[in-house]
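So you can see what is in the structure, the chains are spelled out below.
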Amino acid sequence: MTDTDTPAAPADRALVRPFDGPATDAALRRFLHGLPGVDAVGLEQRAATLGTRSIKTASKAAALDTIVSLIDLTTLEGSDTPGRVRSLVSKAISPDPGDPSVGRVAAVCVYNDMVGHAVSALGRHHAAAGGDIAVAAVSTAFPSGRASLAVKLQDTSDAVAAGADEIDMVIDRGAFLSGRFGQVYDEIVAVEQACRRPDGSHAHLKVILETGELSTYDNVRRASWLAILAGGDFIKTSTGKVAPAATLPVTLLMLEVVRDWHLATGQRIGVKPAGGIRTSKDAISYLVAVAETVGEEWLSPHLFRFGASSLLDDVLMQKQKIATGRYSGPDYVSVV
Amino acid sequence: MTFLDYAPAPESASILDLKPEYGLFIDGAFVDGTGGTFATISPATEKHITTVQSASEADVDRAVRAARRAYDTVWSRMSGADRGKYLFRIARLVQERARELAVAESLDNGKPIRESRDVDVPLVAAWFFYYAGWADKLEHAGLGSAPRALGVAGQVIPWNFPLLMLAWKIAPALAAGNTVVLKPAETTPLTALLFAEILQQADLPPGVVNIVTGAGDTGSALVTHPGIDKVAFTGSTAVGRAIAKQVAGSSKRLTLELGGKAANIVFDDAPVDQAVEGIVNGIFFNQGHVCCAGSRLLVQENVHDEVIEKLKRRMETLRVGDPLDKNTDIGAINSAAQLERIRSLSEIGEREGAERWSPACELPENGFWFAPTIFTGVDTSHRIARDEIFGPVLSVLTFRTPAEAVAKANNTPYGLSAGIWSDKGSKILAIANDLRAGVVWANTFNKFDPSSPFGGFKESGYGREGGRHGLAAYLAASGGASTVQTEQAATPRKKGTRK
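Cut-offs applied
- Residues numbered from 1 in each chain as written.
- Chains lettered and ligands numbered in written order.
- Predicted model: local features only at pLDDT ≥ 70, side-chain atom pairs only at ≥ 80, totals over all residues.
- Heavy atoms only, no water.
- UniProt positions renumbered as here; feature names shortened; annotations may be inferred.
- Helix = DSSP H or I, 4+ residues; strand = E, 2+ residues; numbered from the N terminus.
- Buried < 20%, exposed > 50% of the residue type's maximum accessible area, 1.4 Å probe, protein only.
- Pairing = 2+ DSSP bridges.
- 1 Å grid on protein atoms, 1.4 Å probe; cavity = no way out; pocket = protein on both sides within 12 Å on 5 of 7 lines; lining within 4 Å.
- Points joined across faces, edges and corners; volume = space filled by probe spheres on them.
- Nonpolar A, V, L, I, M, F, W, Y, C, P; charged D, E, K, R; others polar.
- Domains from an automatic or database assignment.
- Salt bridge = Lys/Arg side-chain N within 4 Å of Asp/Glu carboxyl O.
- Contact = heavy atoms within 4.5 Å.
- Buried area = accessible area lost by both parts, 1.4 Å probe.
- Polar contact = N/O pair within 3.5 Å; in protein donor to acceptor, adjacent residues only side chain to side chain.
- Axes fitted to C-alpha atoms, helices over the stretch in contact; angles between N-to-C directions.
- Parallel < 35°, antiparallel > 145°, perpendicular 65-115°, else oblique.
- Left-handed = near helix turned anticlockwise from the far one by under 90°.
- Disulfide = S-S within 2.5 Å.

With that out of the way, let us pick up the UniProt feature "domain: Aldehyde dehydrogenase" (unreviewed entry) in chain B. Under the UniProt annotation, the feature "domain: Aldehyde dehydrogenase" (unreviewed entry) is placed at residues 30–476 of chain B. Span residues 30–476 of chain B is 41% helix and 17% strand, its end C-alpha atoms 32 Å apart.

We now examine the environment of A146 of chain B. Residues and elements named next belong to chain B. By the element assignment, A146 lies in the loop between helix 4 (113–134) and strand 6 (148–149). Under the relative-accessibility criterion, A146 is labelled partly exposed at 43%. Counting along the chain gives 197 residues from A146 to R343, while the straight-line C-alpha distance between them is 52 Å.

Turning our eyes to something else, we now look at the pairing of strand 1 (residues 71–74) of chain A. Regular strands place their side chains on alternate faces of the sheet. Residue and element names in this part refer to chain A. Burial of strand 1 is two-sided: the residues I71 and L73 facing one way and the residues D72 and T74 facing the other way are all buried. The pairing of strand 1 with strand 8 (residues 306–308) spans three bridges and is classified as parallel. Residue pairing in the sheet places I71 in a bridge with F306 of strand 8. Examined bridge by bridge, strand 1 and strand 2 (residues 107–111) share three bridges and lie parallel to one another. Looking at the pairing, D72 lines up with A107 of strand 2.

Before going further, it helps to examine the layout of surface pockets. Quantified by volume, the largest pocket comes out at close to 830 Å³. For the largest pocket, the lining is made up of 38 residues, of which W159, F233, G235, S236 and V239 of chain B are closest to its centre. If you list the elements that add at least two residues to the lining of the largest pocket, you get helix 7 (216–224), strand 10 (230–234), helix 8 (237–247) and helix 11 (336–351) of chain B. Among the elements that line the lining of the largest pocket, the one with the most residues is helix 8 of chain B, at seven residues. Considered class by class, the residues forming the lining of the largest pocket number 17 nonpolar, 14 polar and seven charged. Computed from the structure, the second largest pocket encloses a volume of approximately 710 Å³. Lining the second largest pocket are 30 residues, with Q45 and T49 of chain A together with R114, N281 and K447 of chain B positioned closest to its centre. Sorting the residues of the lining of the second largest pocket by element identifies helix 3 (40–51) of chain A together with helix 4 and helix 9 (272–284) of chain B as the ones contributing at least two each. Its residues assigned to classes, the lining of the second largest pocket shows twelve nonpolar, ten polar and eight charged. Residue assignment places the lining of the second largest pocket across two domains, with domain 1 (21–258 + 460–476) and domain 2 (263–442) of chain B each supplying three or more.

Now for the pattern of salt bridges. All names here are of chain A. For the coordinates displayed, the defined rule picks out 48 salt bridges over all chains. Two residues, E292 and R46, come together in a salt bridge whose shortest N-O distance is 3.8 Å. Linking E292 in helix 13 (residues 280–293) with R46 in helix 3, this pair joins segments that are 246 residues apart in sequence. On the basis of relative accessibility, which here comes to 5%, the residue E292 falls in the buried class.

Turning to the interface of chain B and chain A, a few remarks are in order. Taken together, the contact pairs 30 residues of chain B with 31 residues of chain A. Counting each side, the surface lost to burial between chain B and chain A is near 2500 Å², with a carbon and sulfur contribution of 49%. Taken as a group, F3, Q274 and R313 of chain B account for 27% of the area that chain B buries against chain A, more than any other trio of residues on that side. Linking chain B with chain A are six salt bridges. In this structure, R319 of chain B and E292 of chain A form a salt bridge, with 4.0 Å as the shortest nitrogen-oxygen distance. Our count for the chain B to chain A interface comes out at 14 residue pairs in polar contact (both at pLDDT 80 or more). Residue composition of the side of chain B that touches chain A, by class: ten nonpolar, five polar and 15 charged.

A few words on the sheet that holds strand 8 of chain A. As a general point, the strands of a sheet are linked pairwise by backbone hydrogen bonds and lie either parallel or antiparallel. All names here are of chain A. Strand order in this open sheet of eight strands is 7-6-5-4-3-2-1-8, and the pairing throughout is parallel. One side of each edge strand has no neighbouring strand; the edge strands of this open sheet are strand 7 (270–272) and strand 8. Ignoring which end each strand starts from, the neighbouring axes of this sheet average 25° apart. Pairing of strand 2 with strand 3 (residues 134–138) involves five bridges; the strand directions are parallel. For V108, the partnering residue across the bridge sits in strand 3 and is V135. Across the sheet, helix 12 (residues 248–265) touches strand 6 (234–236) and strand 7, and the angle it forms with strand 7 is around 170°.

This part covers the side chain of S417 of chain B. All names here are of chain B. Tracing the sequence through the fold places S417 in strand 17 (residues 417–421). Taking relative accessible area as the criterion, S417 reaches 5% and is therefore assigned buried. The contact partners of S417, leaving out residues within four places of it in the chain, are A262, A263, C292, A437, G438, V439, W441 and F445.

Now for the sheet that holds strand 1 (residues 21–22) of chain B. Residue and element names in this part refer to chain B. Pairing is mixed in the open sheet, where three strands are placed in the order 1-5-4. Each end of this open sheet is capped by a strand with a single partner; those strands are strand 1 and strand 4 (37–41). Judged from the five bridges that link them, strand 4 and strand 5 (residues 48–53) form a sheet pairing that is antiparallel. Bridge assignment links F38 to a residue of strand 5, and that residue is V52.

Next up on the list: the packing of helix 12 of chain A against helix 13 of chain A. Residues and elements named next belong to chain A. It is at 10 Å that the axes of helix 12 and helix 13 come closest, and there the two elements cross at 25°. By the criterion of interaxial angle, the relationship of helix 12 to helix 13 is roughly parallel. In this structure, the crossing between helix 12 and helix 13 has a hand that is right-handed. Touching L248, T251, L252, L255, E256 and R259 of helix 12 are S285, Y286, A289, V290 and T293, all from helix 13.

This part is about the environment of F176 of chain A. All names here are of chain A. Following the sequence through the fold, F176 ends up in helix 8 (residues 173–177). Residues F176 and L214, 38 residues apart in the sequence, show an inter-C-alpha distance of 8.5 Å. With residues near it in sequence (within four places) discarded, F176 still touches I171, F181, V184, L214, N219, R222, A223 and L226.

Further remarks concern the state of the cysteines. Per the stated rule, a full pass over the model turns up zero disulfides over all chains. Of the cysteine sulfurs around C109 of chain A, a residue in no disulfide, the closest is that of C195 of chain A, at 13 Å. C292 of chain B forms no disulfide, and the closest cysteine sulfur to it belongs to C291 of chain B, at a distance of 4.9 Å. The exposure class of C292 of chain B is buried, given its relative accessible area of 1%.

What follows is the structure, given as structure tokens:
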């Protein structure tokens, strides 16, 4: 399938399984450990070079608008309240009240129990109501994922029932690191099933690898393949609760996996770096990495997202700078 | 405009404060020569940059005499610690004027500012810092308790890394206590002249470094001058061979760093994405104007198609154009003559039956440009697999076994460098042992460090630059007369004999 707008249905994806037989630990290990290695020095050097691209004037203005359209505006605090979520939603709808030309963000990302509040606050702006902002929910015992499968599935179906358009699940890093690849695979498959709605549609599934806990780039590559094979629509770097969160080398590596998958199958998988991307300058390096690795086509909310809370503020300040020629300050953007 | 059409981001040339004409730098001052003048142009636009002098035989003689005087009266009597102070000062001034030097280098040479800014100039400073540290520690260089300087060094450098090659030559020579007459390449004299200004700023005693601009005749006058004790040359094998003949029978010591046709060997267990980056960096860095460029890609047959597909994809993202634009990956070919050589060898490659491919890229109208090019289906008997092209042209060959890789890699009259790509450490070490090349990179390419010796086997030259070995090229062992020392003694023994 080559339709740019819809990721491949997981059922189709299962047809391209590169290993024989059931997804046992051994079969998955043979496949995942047969992937080409990653040279850390070379990867980081490539990322650093991409980071030196100088994006100026018209390109910078366009990049800032693109970044806004790719943001999953996020609040994931224990202290979140319906009021704070409403405030977040209103910022998602009009990021800069003083400049109506600023577009909307791609989605708001909240904890499960806040999904209903986000949906009602969005109203006609909610994707399901014909609007352009999606609601993403972090599920499956986010952020640690330390719960039984039953709890994780219930968590997921709750969020879907409450109106979530996208589910950000975490993988079981413990299982992955101890080589129980089959378990990780099966969980992703099960969560994907839980994403399905009675009407046959399904919430998009973002699989969080928590790369900061996987330690090595080789592991990140393996986990990326595993998540795609099992049916994830997006692969996402981090929960934002573990340091390091998203880094440019890790994201570049995941983009390479997505590119390789596309070359092999024609299917397009999304990538979401999350956590730690706070400045426009950083975010622009990610756009460069996307455009020069998988292609510009990926610079669309269907295929690339930033999971971020404060990035939007910096982008707005940069946009104000371009408009007025002067730097403003944090007092000129709204807090959530 | 799509996002990938990045808006122009040029570094401004207005940072440069160039004189309309530069003299020869002799005895601490810019002086007029007697050999006439010539223009140096920007290879990207063919526009005139400045006018420089062509040093005549008499001018070279004047420079050598100044260097001798400085050696006898000042430099040979100065303590190592004091020589080190000057070198540290030069290194710091290079850092302070880094932006200016980078712009000048890109303007005059055609290389992208990203490389002159991030590679050339930082390495220049690193080289001076490194050898500054050696100046008062020569007794630890492994040449006895009191090694002696050789005297006056005549140095001739190429156009591909004008300022970096200057640093490779001047820094160890001065640290070891020699004085210098250096001739930069005809097409790239600019940064050497700016460097002369830095020497004035650093208050280096007059005559310790002299810079004579000019073409082949000037170089010939320099290396044949009887007042020279040591000749150091980096450039083509043909010229190196001529110089070796010219100095034969004299008491001059000689180091040569000449051409190469390096094999970049990619095994099927390589980290593929990084190997592709390494291939690109190996051959397209500095437009392929690199003597140690990885110009022969040896890729294991079972991953050939995958590697080439990825390589082509990657090459489509290379940006060819204005060297001063910060987003440029590949700049201009240095001269019309070099462009002609690259074109003619590429045409020969096509005629020999190799398949030529370049990404779609728009080349500027003026200036000297060549699109990044790969040839697949190259055989070991093709000229593009044997001759040094010295341009952005990669010849791709295949191999089936490690033994075949080694045999093909060593099947060249050159032996300057090689690259190995594999995730298996033991394989890397075993292959590296069998390669007859001065530098072997593992899972990387074109990496330089002042502490690491660099130099070639066979027709790639002799002698080493960089590291402790680089000092040996400018020192006579204590107790030994400099005239009976041969350079080969300082060169590591030939590898690859155990097969």
